[in-house]
Amino acid sequence: NVQKKNENIDRDSKKGGEEGEGKEEKEREERKEEEGEKKEKKKKGKKKGGKDKGPGDDGDDGFKMVPSMFIPGIEEASSTYEDIWKQRDETENFQQKYDAELIKELKRGEVESEIRIQVDDLMRQELKNLKAALQKDMGKKGGKGSAKKKGGKKKDKKGGKKGKKDKDLTPDRTIESLYEELVKEGILVQYPKVKISDYMGEYSYLGTTLRQANIEPMPSLSDVRRVVTEYGVLPMGSQTVHETAPHVKSIMIAGPHGTGKRMLVNAMCSELGANLIDLTAENICGRYPGKAGLTMLLHLVMKVGKLLQPTVIYIGNAEKTFIKKVPKNDMSDPKRLKKELPKIIKKMTPEDRILFVGTSLTPWDADVKSMCQCYQKIVLIPRPDYASRFLLFKELILRHGGRCSNTRPQFSGQDLRWLHTRSYHNSCKTRAYRT
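Residues numbered from 1 in each chain as written. Predicted model: local features only at pLDDT ≥ 70, side-chain atom pairs only at ≥ 80, totals over all residues. Heavy atoms only, no water.

All right, on to the environment of Arg-383 then. Mapped onto the elements, Arg-383 comes out in the loop between strand E6 (377-380) and helix H14 (386-399). Relative accessible area serves as the criterion here: at 44%, Arg-383 is assigned to the partly exposed category. In this structure, the C-alpha to C-alpha distance between Arg-383 and Thr-259, residues 124 residues apart in sequence, is 7.9 Å. (Helix = DSSP H or I, 4+ residues; strand = E, 2+ residues; numbered from the N terminus. Buried < 20%, exposed > 50% of the residue type's maximum accessible area, 1.4 Å probe, protein only.)

Our focus in this paragraph is the environment of Lys-346. Inspection of the secondary structure assignment puts Lys-346 in helix H12 (residues 340-347). Residue Lys-346 is classed as exposed on the basis of its relative accessible area, which comes to 70%. Counting along the chain gives 28 residues from Lys-346 to Cys-374, while the straight-line C-alpha distance between them is 8.7 Å.

So, on to the packing of aromatic side chains. Applying the stated criterion across every chain yields a total of two aromatic pairs. Taken together, a centroid distance of 5.4 Å and an interplanar angle of 75° make the contact between Tyr-203 and Tyr-205 edge-to-face. A relative accessible area of 43% means that Tyr-203 is categorised as partly exposed. For Tyr-205, a relative accessible area of 59% corresponds to the exposed category. Positioned above the aromatic ring of Trp-85, the side-chain terminus of Arg-88 is 5.2 Å from the ring centre. One residue, Arg-262, lies across the ring of Tyr-314, its end atom 4.4 Å from the ring centre. (Phe/Tyr/Trp six-rings, centres within 6.5 Å; stacked < 30°, edge-to-face > 60°. Lys NZ or Arg CZ within 6 Å of the ring centre and 35° of its normal.)

Core analysis: the largest hydrophobic core is formed by 31 residues, its most contacted members being Ile-187, Leu-279, Ile-313, Leu-341, Phe-356 and Tyr-375. Residue assignment for this core shows that the elements contributing at least two residues are helix H5 (175-184), helix H11 (290-307), strand E4 (311-315), H12, strand E5 (354-360) and helix H13 (368-374). Among the elements that take part in this core, H11 stands out by supplying seven residues, more than any other. The contacts of Leu-279, once residues within four sequence positions are left out, are Ile-187, Ile-284, Val-301, Ile-313, Tyr-314, Ile-315 and Leu-337. By size, the runner-up hydrophobic cluster in this structure holds 27 residues, among which are Val-194, Leu-221, Leu-272 and Val-379. (Core = buried A, V, L, I, M, F, W, Y, C linked by side-chain atoms within 4.5 Å. Contact = heavy atoms within 4.5 Å.)

Here you go:
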């Protein structure tokens, strides 16, 4: 009996061991499968992430350039050069005479398109004749189909909506008379000839160093000149560029007294040879009174501006148009253009080489939201940095008959005291403006 019991115990232990080993093997296989699935998921995630992110990206897309509208034209010109002109030998064509075969190829397409229109008209007429003959043979009346067609056309005409067009309030007047009226009223004004290069300012050489230290530098006067040139001069100088480049309808130039805001406006007009229309509240005060008068004024401004392009429409103290509370002593009615100005700017198209330019001394006095909706670009003129001040002093001294020497000048105590008080007052004004 004892032997039988021992044998039974040995059998049970062997069975339990075999079952334990089977369970362990199963657990090992399941773990291997889970690890393999995790590795596959990681590989897929890396592949997907590698398409969108670089090896050093932290997830931020950063600044992305808008695709340029000029690239298709450049690619087309490059392909034309590769196909036609690259392999052509022009050594014997010193006088650059025309190539008859090229002209024939260009005109052949135009002639084919014209002939195709004529052939299509003849085929349509022939088809109508065949349908009419078929209806006669079948004994059907041809008036029903034509009546249905006419009725359908009328329905389409009634159902279609036509866009509203602005009424011409001066259809019988010439452009010369409209121009003369604006000049007499003082709306279309003359400006001094100023070059954009006359706006002096030095490049900020410390900007890169400050950005490396995670400090955003203030723009320099050179940056202001560059931005005004890019947004106000270059697109307005060419109709093709104005229609292709991003359309900038309005610019605001903000800065303290004496920083050259009006000078930049005059420089834009001088570089473009444009007409300058002054819609400052003080300038239009008392002219074209009432709602009808304001409508006529804006009609004359936009009509003359579109017919005699390019045109710059200047609005001084632009913050007064959107001012929150009008001072009691201000009798110029500064909010006169508040409702009409955004509507006019919204209707402008890339074909209209018209630019609204506003200048502001205290932009914080206005309703910022409505003002930013009206002006697309806002350019801040900062206080001059050391490089710009050095350039300005040197240029002004030479312009007024002085001379710059390398020796150190001798100043008296009174001169130093005057310079100290002058610089202190200027710094206080600048801080008040920035706050």
